[in-house]
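# Working through the structure, step by step
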Amino acid sequence: MQQPNRLRPFFENITFDRSDNELILNFGPQHPSAHGQLRLMLHLQQEQITKAHPDIGYLHRGMEKMAENMIYNEFMPTTDRMDYIASSSNNYGFALAVEKLIGLEVPRRAKVIRMMLLEMNRLMSHLFWLATTALDIGAMTVFLFAFREREYLMDLIEDYCGARLTHAAIRIGGVPLDLPDNFIADLRKFLDKLPENIKDYEDLLDSNRIWKMRMENVGVISKEMALSWGCSGIMLRASGIEWDIRKEEPYELYDEVEFNVPVSDKGDNYARYKLYMAEMRESAKILHQVIDMYADTTPELMAHAPQYISAPKIDIMTQNYSLMQHFVLVTQGMRPPVGEVYVATESPKGELGYYINSQGDAYPYRLKLRAPSFWHTGILTDLLPGHYIPDVVAIIGTTNIVFGEVDR
Amino acid sequence: MAQHQVNYLKDGGLPVALTTIDKVVNWGRSNSLWALTYGLACCGIEMMASGASRYDFDRFGTIFRASPRQAELMIVAGTLTKKHAEFIRRLYDQMTEPKWVISMGSCANTGGMFNTYATVQGVDRVIPVDLYLPGCAPRPETLQYAVLLLQQKIRRESASRAQKPKRLM
């Protein structure tokens, strides 16, 4: 705790050795452009940063501990609140981990719908990233533009599952609902307009002198640095390493769709910005292909595994044994076999991993979340020294960290 | 000599509106509620969405400010953790009177789904709250409705005296 009558600030676990004119600036935990509750302790020499210390934990909600006291299906809505900008990708990572643990095969239609949700979430996340980063750097117009498109996507997701932000739209073993009427037509309409919109953003930003000065050659992450800090996703690909889990260990239907993994070897903010724009285009491409796949699928939505997954509603209402199983699954929860599993998926931010250790109970013995943003926050220690204060905002922007995920 | 005489009671009467100072002040206060950007978690995203293009919070005179000195409304949007609780109190104290607080979302209301060792079970344990907004996360329309309700509340208050001390839970 702080001691109000002392001049020297006292912080737990941190010592400040001050011998010169060094200024210590607290950036956060409630800073409008810190993308959440990041607190950075910046040691400044004039305007230049000599040492940066990211302090996290201001949004620690104890999700991993919560998971140990919840049955598997009960934990699903909690995963929404991790990376709350793309909630379905968290749902999906958890569902996939439990499915691997049990050994479930998901019906094809559910896979197609999941792919749609995942890519729509990626688009939402990237649009949100663009909006907030542009706002932090001063491009208010781009913020308003990108939020407009994001609202269209949220409308689509709302059509599907009823929620805008916290979807919980993916279940263990499949998806709960089929696509509503007109969903595909609306999605197509959106996708047809998207390339124009992306071009609008690029017209506003690409040749903008201020944007280039704030982004180019700022926050350069070398290949070695990216690897040693455990970066993933765009942070890694912008530094010249072609690594996308959708390509390396394809899950769902990613091995059936054609898409490119954009890579850059510059490693600066501008390279990351270009990759986000390129990934949006790739997502749109994947969505077009997935829409075509939807037509030739059978209408099953949930895997058939009566021991773990409730039977379809019609069976529950007509067959006594299904009703009993459903009752047991709802009140006691499924009991996956003893074992442990680690499943990594490519969330919009990077590698999102779920480690589940099951002892055969209805509750996981241990659930570990490997969130990409956590590692991308750590890299600020090495990345910020040498930069100036205004660069901090730009760098935090392009690392795309979300604190629900960092602190969990 | 002009026989001109104004009948102050005819044709709408005086070109003057009669009101009380309280009403004028409250009218001004309620229609320019500047909110502190206090996005703590997921609800903060919906708070941003309500400020962005579709929902356009500026229509209600609500503009987000980054400094507590320039804000009179604190929208606590998200989970308050014990580690952060100290700072929310400090920022609340830095805001100039009169000030109001909207607690947005289940986490800020009661701790919501996060009944754990790390979260504060309701922001009203730390700062007094004027309006609770249910939902996880509440939609932007809900937040705008809450601001409209808060405007009604402000218009009912007396403007001349200092605000009465508010109750903590």
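First, a word on what this report is: a plain description of the structure on this page. (Residues numbered from 1 in each chain as written. Chains lettered and ligands numbered in written order. Predicted model: local features only at pLDDT ≥ 70, side-chain atom pairs only at ≥ 80, totals over all residues.)

A count of helices and strands for chain A gives 17 helices and 6 strands. Rg of the C-alpha trace for chain A: 23 Å, near the compact-globule value of 22 Å for 408 residues, within the 12% margin. If one aligns the C-alpha atoms of chain A with their principal axes, the spans along those axes are about 80 × 50 × 35 Å. Buried residues in chain A amount to 48% of all 408 residues. Within chain A, residue pairs in contact and separated by at least 24 positions form 69% of the contacts whose partners lie at least 6 positions apart. (Helix = DSSP H or I, 4+ residues; strand = E, 2+ residues; numbered from the N terminus. Rg over C-alpha atoms; globule rule 2.2 N^0.38 Å. Buried ≥ 20, exposed ≤ 12 C-beta atoms within 10 Å, placed from the backbone. Contact = placed C-beta atoms within 7 Å.)

Glycine aside, residues mostly have negative phi, and peptide bonds are mostly found in the trans state. Residues and elements named next belong to chain B. Cis peptide bonds are those with omega within 30 degrees of zero, and the linkage from Glu97 to Pro98 qualifies with -5 degrees. Inspection of the secondary structure puts Pro98 in the loop between helix H3 (82-94) and strand S4 (100-104). Between Cys136 and the following residue, Ala137, the backbone shows a cis peptide bond with an omega angle of -5 degrees. Tracing the backbone through its elements, the reader meets Ala137 in the loop between strand S5 (131-133) and helix H5 (140-156).

Residues and elements named next belong to chain A. With respect to the element layout, Thr399 can be found in helix H16 (residues 389-399). The exposure class of Thr399 is buried, given the 27 C-beta atoms found within 10 Å. Look past the residues within four positions of Thr399 in its chain and what remains in contact with it is Met235 and His376.

It is worth spelling out the sheet that holds S4 of chain B at this point. Residues and elements named next belong to chain B. Strands sit in the order S2-S1-S3-S4-S5 across an open sheet of 5 strands; the sheet is parallel. With one partner strand each, in any of the chains shown, strand S2 (63-65) and S5 form the two edges of the open sheet. Within this sheet the neighbouring strands show an average axis-to-axis angle of 30 degrees, counted without direction. The strands touched by H5 within the sheet are S4 and S5, with S5 carrying the most contacts at an inclination of about 165 degrees. (Pairing = 2+ DSSP bridges. Axes fitted to C-alpha atoms, helices over the stretch in contact; angles between N-to-C directions.)

Moving on, we get to helix H13 (residues 320-331) of chain A. The α-helix winds at 3.6 residues per turn, so residues separated by three or four positions along the chain end up facing the same way. In this model, H13 of chain A (12 residues) spans 17 Å end to end at C-alpha, consistent with the 16 Å of a helix rising 1.5 Å per residue. The buried fraction of H13 of chain A amounts to 1 of the 12 residues, a small share that puts the element mostly on the outside. (Expected span 1.5 Å × (residues − 1).)

To continue, consider helix H2 (residues 42-51) of chain B. Counting buried positions along H2 of chain B gives 10 out of 10 residues, so the element sits mostly inside the fold. Those residues of H2 of chain B that sit buried are Cys42, Cys43, Gly44, Ile45, Glu46, Met47, Met48, Ala49, Ser50 and Gly51 of chain B.

Let's shift gears to the nonpolar core. Residues Ala131 and Val142 of chain A together with Ile75, Val76 and Met104 of chain B are the most contacted members of the largest nonpolar core, which totals 155 residues. If one sorts the elements of this core by residue count, helix H4 (residues 108-137) of chain A sits on top with 18 residues. Once residues within four sequence positions are removed from consideration, Met104 of chain B is found in contact with Cys43, Met47, Ile75, Val76, Ala77, Leu133, Pro138 and Leu143 of chain B. (Core = buried A, V, L, I, M, F, W, Y, C linked by C-beta atoms within 7 Å.)

Taken together, the contact between chain A and chain B spans 25 residues of the former and 27 residues of the latter. If you tally residues by element for the side of chain A that touches chain B, the top one is helix H5 (residues 140-161) of chain A, at 5 residues. Here the side of chain A that touches chain B is built from residues that sort into 11 nonpolar, 8 polar and 6 charged. (Nonpolar A, V, L, I, M, F, W, Y, C, P; charged D, E, K, R; others polar.)

Looking now at the pairing of strand S3 (residues 48-55) of chain A. Residue and element names in this part refer to chain A. Relative to S3, strand S2 (residues 39-45) runs antiparallel, the two being bridged by 7 bridges. What sits directly across from Leu42, in S3, is Ala52. Count of turn residues in the S2/S3 antiparallel hairpin: 2 residues, of which Gln46 carries a positive phi of about 55 degrees.

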